[in-house]
Amino acid sequence: MHGNIGFGNAVSGKLKYRDVGCGQIGEKDVGKEISLCGWVFRNRDHGGLIFIDLRDRTGVAQLVFNPDVDAATHDQAHHLKVESVIAVRGEIRKRPVGTENPAIPTGMVEVYVKSLSILNRADPLPFSIEDNSEVSESLRLRYRYLDLRRPEMLSNLVTRHRVCKTTRDYLDGAGFLEIETPILTKSTPEGARDYLVPSRTNPGGFFALPQSPQLFKQILMVAGMDRYFQITKCFRDEDLRADRQPEFTQIDLEMSFVGADDVIKLVEGLLNRMFKEISGLDVETPFPRLTYRESMERFGNDKPDMRFGLELKDMAEEARMSTFKVFLDALDAGGRVKAILGKNMAAYSRRETDLLTQEVQAMGAKGLAWIKVKDGFESTITKFFPEEALRKMAEKLDAQPGDMMLFIADREAVVHDVLSRLRLELGKKSGLIGNEDKFLWVTDFPLLEWNEEEERFQAMHHPFTSPVDENLEYVLNGDFSDRAAVSSLRARAYDIVLNGSEIGGGSLRIHNPQVQRRVFQLIGISEKEARERFGFLLDALRYGAPPHGGLALGLDRIVMIMTGSDSIRDVIAFPKTQKAACLLTNAPSAVDTKQLRELYLKLTLPEEQGEPEE
RNA sequence: GGGGUGGUAGUUCAGCCGGUUAGAACGCUGGCCUGUCACGCCAGAGGUCGCGGGUUCGAUCCCCGUCCACCCCGCCA
């Protein structure tokens, strides 16, 4: 339980509600007369003696109502409803020998209640306040104030608070200023869909809620703030997942006159301290680093879970030794043949391998090739391979008898995508995932990625990310029609990955207006467009912009991992559903036409589904 | 936008291969109980089977549509 609350000073008018928290009484207090407040957690009415567990944020205390102490109070207690809020006054006594409860911190003592006042009588609850209750999520969200009474939810919010507190302490100590940036801001072109806010005072004009404070923090660097941070909400109007909310919180920071290593070192220090102070874990720094390229080659994605092996192995050489058309065709078409180890999967039945094949097909692969390793090699495709190739492949994968080798041959993107997902699944299934937290930096991201639909390049990180020094000359003077050259540009960007989850990312920014213009050009933003959308940034870069860079950490995801939560909703006090609705307040909801008129808005809803009228 | 899982008492679930009175546990209400801690015992109340339509003599069950929650793909620089 968190912190020592100054309950002794909690005075409202002349009435002193309570002396301490329920969880704070102990043997040291035996003999004292005190006041407690809280919620009726459990009610054990023996007719004569009545035991009530009184709960507040600090814990639980057992109250005893004895008719011999005060008959009227005892009678009152007889009618107490669960989750009612009460205040009691009574004497702390040691529990009789043999009736102590070692399961709770206050279990050695109990409060003999002399007087009781019911501050708020509770109706029967829609669900009970228990940690292990499996109530439907919609009910929990609708009655969030009840859900949050569960100790587990409280504990999650306490952890969240402590992450914020540690962050503020650490960054303050490192010379950072906490500065707020606007929530009503300008719509950005690249990236996620914006949440829009119409402007009454500027008819037809819209604010957007920030997807991140990116531009403002860069402007703060130009303003000479040197080191900025903020724990702030970001908004993205995209579809939700178990670890994604439409509004989420970032620990956002930016520093002047730094290189990537400075930012990385600072963040390693922050995370190290967080995990030490909150989880009691000593996270080793510096964290390992992988380049994007290496991460893709070895794990198939840019946020590998480093808690287990099962690395992807390139099998092009062995495939070339074979006469297996599927592999050869993939290679000839410029694709890849790679494999992963299926630990202890040689016993798979035909049915099971078929199921696995269906799975990878659902992920986008054309098929799955497999070779079981027993005394020899067993598969319908071994006949296409010389013995030497089979042995080499087994060696690369460190396959032992009893294992199975799993191959995907396709375009590189498909091979990596499918195998990385397969790797995760196999890791989980085989119980190979260790329980030690594994941090990782992924560096040297491509500057741009090709967008098939729009047939143009777009920024992989964001358009303000600096290219690496070696690419600066090309960015400033090169010929952008050379797609291969443009594709190979790399960014001074870095992501921080924890247990296979991207918990943050950042970069060194462009602080030269000419470079910024050329990058806009690369991603197909015209001079005119750049002016309209980012004129203020381009201007700022002309009036003394220091080299700067920073990073943003996903607070919700960090707290999720620290608390072992499966859902981001369990670490947010008032989260939204998968449809981005708030079941507590019923937002979003319709507004009346007067409000719309004031904002110069007219609705054009799809055909009415309410009244089936002709 | 697509795929999947679920929706039956206040809650968590069972059930009904279409049939007359839809069950359990917990909770709730009343009673009994002076050492419990998920107290115990006895009795009782409690249902639009998510919603709309269809098939049928008859639908909680079958069919179609729809809404809600969750998981995933697309999407999320």
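Residues numbered from 1 in each chain as written. Chains lettered and ligands numbered in written order. Predicted model: local features only at pLDDT ≥ 70, side-chain atom pairs only at ≥ 80, totals over all residues. Heavy atoms only, no water.

**A short note on a nonpolar patch on the surface**
Together, Tyr145, Phe574 and Leu584 make up a nonpolar patch on the protein surface, roughly 310 Å² of accessible area in all. Mapped onto the secondary structure, Leu584 falls in the loop between helix H17 (555-563) and helix H18 (593-598). (Patch = residues over 30% accessible without salt bridge, like charges linked within 9 Å, V, L, I, M, F, W, Y side chains within 5 Å. Areas by Shrake-Rupley, 256 points an atom, 1.4 Å probe, with all protein chains shown as cover. Salt bridge = Lys/Arg side-chain N within 4 Å of Asp/Glu carboxyl O. Helix = DSSP H or I, 4+ residues; strand = E, 2+ residues; numbered from the N terminus.)

**Digging into the pattern of salt bridges**
For the structure shown, the criterion picks out 59 salt bridges. We note a salt bridge from Asp56 to Arg18, for which the minimum N-O separation is 3.9 Å. On the criterion of sequence distance, the pair formed by Asp56 in strand S4 (residues 50-56) and Arg18 in the loop between strand S2 (15-16) and strand S3 (33-45) is long-range, its members being 38 residues apart. On the accessibility criterion, Asp56 (7% relative accessible area) is buried. The partner of Asp169 in a salt bridge is Lys165, and the shortest N-O contact between them spans 2.8 Å. A residue pair is termed a helical-turn pair when its members lie 3 or 4 positions apart in one helix, as Asp169 and Lys165 do in helix H4 (residues 151-173) at 4 residues. A relative accessible area of 34% places Asp169 in the partly exposed class. Here the salt bridges share partners, and the residues they tie into one network are Arg140, Arg144, Asp147, Arg150, Glu152 and Asp570. (Buried < 20%, exposed > 50% of the residue type's maximum accessible area, 1.4 Å probe, protein only.)

**As for the domain arrangement of chain A**
Where the parts come together, the accessible area they lose is often given as the size of the interface. Domain parsing of chain A yields domain 1 (2-120), domain 2 (132-303 + 495-511 + 546-614) and domain 3 (308-429). Counting residues at the interface gives 5 residues for domain 1, matched by 5 residues for domain 2. Between domain 1 and domain 2 lies a buried interface of about 480 Å² when both sides are counted; carbon and sulfur atoms form 61% of it. Counting across the domain 1 and domain 2 interface gives 1 salt bridge. With a shortest N-O distance of 2.9 Å, Arg149 and Glu83 are connected by a salt bridge. Counting the contacts that link domain 1 with domain 2 gives 1 residue pair in polar contact (both at pLDDT 80 or more). Here the residues of the side of domain 1 that touches domain 2 sort into 1 nonpolar, 1 polar and 3 charged. (Domains from an automatic or database assignment. Contact = heavy atoms within 4.5 Å. Buried area = accessible area lost by both parts, 1.4 Å probe. Polar contact = N/O pair within 3.5 Å; in protein donor to acceptor, adjacent residues only side chain to side chain. Nonpolar A, V, L, I, M, F, W, Y, C, P; charged D, E, K, R; others polar.)

**Digging into the nonpolar core**
Core analysis: the largest hydrophobic core is formed by 44 residues, its most contacted members being Phe327, Met405, Leu406, Phe407 and Leu422. At the level of elements, helix H9 (325-332), strand S15 (336-342), helix H10 (350-362), strand S16 (369-373), helix H11 (387-397), strand S18 (404-410) and helix H12 (412-429) are the ones that each hand at least two residues to this core. The contact partners of Met405, leaving out residues within four places of it in the chain, are Ile340, Ala369, Trp370, Ile371, Val373, Phe377, Leu390, Met393, Ala394, Leu397 and Ala399. Counting 39 residues, the second largest nonpolar core, distinct from the first, contains Met255, Leu498, Leu551 and Met560. (Core = buried A, V, L, I, M, F, W, Y, C linked by side-chain atoms within 4.5 Å.)

**Remarks on the side chain of Thr166**
Tracing the backbone through its elements, the reader meets Thr166 in helix H4. Polar contacts involving the side chain of Thr166 include one to the side chain of Glu277, which spans 3.4 Å. Apart from residues no more than four positions distant in its own chain, Thr166 is found in contact with Arg273, Met274, Glu277 and Ile278.

**What about the protein's contact with RNA strand B?**
Taken together, 50 residues lie near RNA strand B, and Thr99, Tyr112, Met460, His461 and His462 sit nearest. Counting only atoms of RNA strand B within 4 Å of the protein, the fraction found in sugar and phosphate groups is 48%. Here a phosphate oxygen of RNA strand B and a backbone polar atom of Gly48 are 2.8 Å apart. The separation between a base oxygen of RNA strand B and a polar side-chain atom of Tyr112 is 2.4 Å. Broken down by secondary-structure element, the contributors of at least two residues to the surface near RNA strand B are S3, S4, strand S7 (109-120), helix H2 (137-142) and strand S21 (456-459). (Near = heavy atom within 4 Å.)

**Concerning the pairing of S21**
Burial of S21 is one-sided: the residues Phe457 and Ala459 facing one way are buried, the residues Arg456 and Gln458 facing the other way are not. Pairing analysis gives 4 bridges linking strand S20 (residues 448-451) to S21, with the strands arranged antiparallel. Each residue of the ladder has a partner; that of Glu449, found in S21, is Gln458. (Pairing = 2+ DSSP bridges.)

**Notes on the sheet that holds strand S24 (residues 548-554)**
Pairing in this open sheet of 8 strands is mixed, and the strands run S8-S11-S12-S24-S23-S22-S19-S13 from one edge to the other. The open sheet has two edge strands, strand S8 (177-178) and strand S13 (289-291), and neither has a second partner. Set on the sheet, H4 makes contact with S8, strand S11 (227-235) and strand S12 (247-256); between it and S11 the angle comes to about 155 degrees. (Axes fitted to C-alpha atoms, helices over the stretch in contact; angles between N-to-C directions.)

**Section: the packing of aromatic side chains**
The geometry of an aromatic ring pair is captured by two quantities: the separation of the ring centres and the angle between the planes. Under the criterion given, the structure shown has 16 aromatic pairs. Arranged with centres 4.5 Å apart and planes meeting at 10 degrees, the rings of Phe287 and Phe439 form a pair that is stacked. On the criterion of sequence distance, the pair formed by Phe287 in the loop between helix H6 (260-279) and S13 and Phe439 in strand S19 (residues 439-443) is long-range, its members being 152 residues apart. The class for Phe439 is buried, based on a relative accessible area of 4%. Pairing Tyr292 with Phe445 gives two aromatic rings, centres 5.2 Å apart and planes at 45 degrees, and the pair type is tilted. Placement of the pair is Tyr292 in helix H7 (residues 292-299) and Phe445 in the loop between S19 and S20, with a sequence separation of 153 residues. Each member of the pair, Tyr292 together with Phe445, is buried. Between Arg93 and the ring centre of Tyr112, over which it is positioned, the NZ or CZ distance is 3.8 Å. (Phe/Tyr/Trp six-rings, centres within 6.5 Å; stacked < 30°, edge-to-face > 60°. Lys NZ or Arg CZ within 6 Å of the ring centre and 35° of its normal.)

**Some words on the sheet that holds strand S17 (residues 377-378)**
One open sheet holds the 5 strands; their spatial order is S14-S15-S18-S16-S17, and the pairing between them is antiparallel. Of all the strands in the sheet, just strand S14 (313-314) and S17 have a single pairing partner and so form its edges. Across 2 bridges, S16 lies against S17 in antiparallel orientation. Along S17, the bridge assignment pairs Lys372 with Glu378. Where H11 meets the sheet, its contacts fall on S14, S15, S16, S17 and S18, and the angle it forms with S18 comes to roughly 100 degrees.

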